[in-house]
Amino acid sequence: MKKNRLARVNSLLKEVIFEVIQKEVRNPHVTTFVSVTQVDTSADLHHAKVSVSLVCSDEEKSQVLSALNSAAGFIAVHAAKKVKIRYFPSLTFKLDTSIEEHMRIQEILRDIEKERLSREH
């Protein structure tokens, strides 16, 4: 039962945090290409790790991540207004690199396939 509740809280927070980042955050480093991919809330609902996917250069990624972490309190206050839970967790933003890893794996698989085809001929 607790796992289901935590999953629902994570899903709700994911949507609300994304909405706050898109509509409320006015930091020039926080671009519109920020996507919240996952929220992992602690069992006591006091802390949440927010995974974000960014479409920008590596240098810009560190700036955006830093800006999000510095605006974490602001984001939490505005998100808490939209969600009715006893404790709103403190937010920590981290970079989700799964898309880049997936693309790298796909590239490696394409290279392997090209190599296999060239050896057949």
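Residues numbered from 1 in each chain as written. Predicted model: local features only at pLDDT ≥ 70, side-chain atom pairs only at ≥ 80, totals over all residues. Heavy atoms only, no water.

A. Local environment of the side chain of Lys61. Looking at where Lys61 falls in the secondary structure, it is placed in helix 2 (residues 58–70). Under the relative-accessibility criterion, Lys61 is labelled buried at 10%. Look past the residues within four positions of Lys61 in its chain and what remains in contact with it is Leu54, Cys56, Leu95 and Glu100. (Helix = DSSP H or I, 4+ residues; strand = E, 2+ residues; numbered from the N terminus. Buried < 20%, exposed > 50% of the residue type's maximum accessible area, 1.4 Å probe, protein only. Contact = heavy atoms within 4.5 Å.)

B. Structural context of the pattern of salt bridges. This model, assessed by the stated rule, comprises six salt bridges. In this structure, Glu115 and Arg119 form a salt bridge, with 2.9 Å as the shortest nitrogen-oxygen distance. With a gap of four residues between them, Glu115 and Arg119 both fall in helix 4 (residues 98–120), about one helical turn apart. Overall, the relative accessible area of 66% leaves Arg119 in the exposed class. Between Glu120 and Arg116 there is a salt bridge, and its shortest N-O distance comes to 2.5 Å. Within this pair, Glu120 and its partner Arg116 are both found in helix 4, separated by four residues, close to a single helical turn. Looking at Glu120, the relative accessible area reads 51%, which means it is exposed. (Salt bridge = Lys/Arg side-chain N within 4 Å of Asp/Glu carboxyl O.)

C. Region of the structure containing the sheet that holds strand 3 (residues 90–95). A sheet is described by the order of its strands in space; here three strands give the open sequence 1-2-3, paired in mixed fashion. Each edge of the sheet is formed by a strand with only one pairing partner; in this case those strands are strand 1 (34–41) and strand 3. With strand direction ignored, the average angle separating the axes of adjacent strands in the sheet is 30 degrees. Sheet topology note: the strand 1/strand 2 (residues 47–54) ladder contains seven bridges and is antiparallel. Bridge assignment links Asp40 to a residue of strand 2, and that residue is Lys49. Across the sheet, helix 2 touches strand 1, strand 2 and strand 3, and the angle it forms with strand 3 is around 175 degrees. (Pairing = 2+ DSSP bridges. Axes fitted to C-alpha atoms, helices over the stretch in contact; angles between N-to-C directions.)

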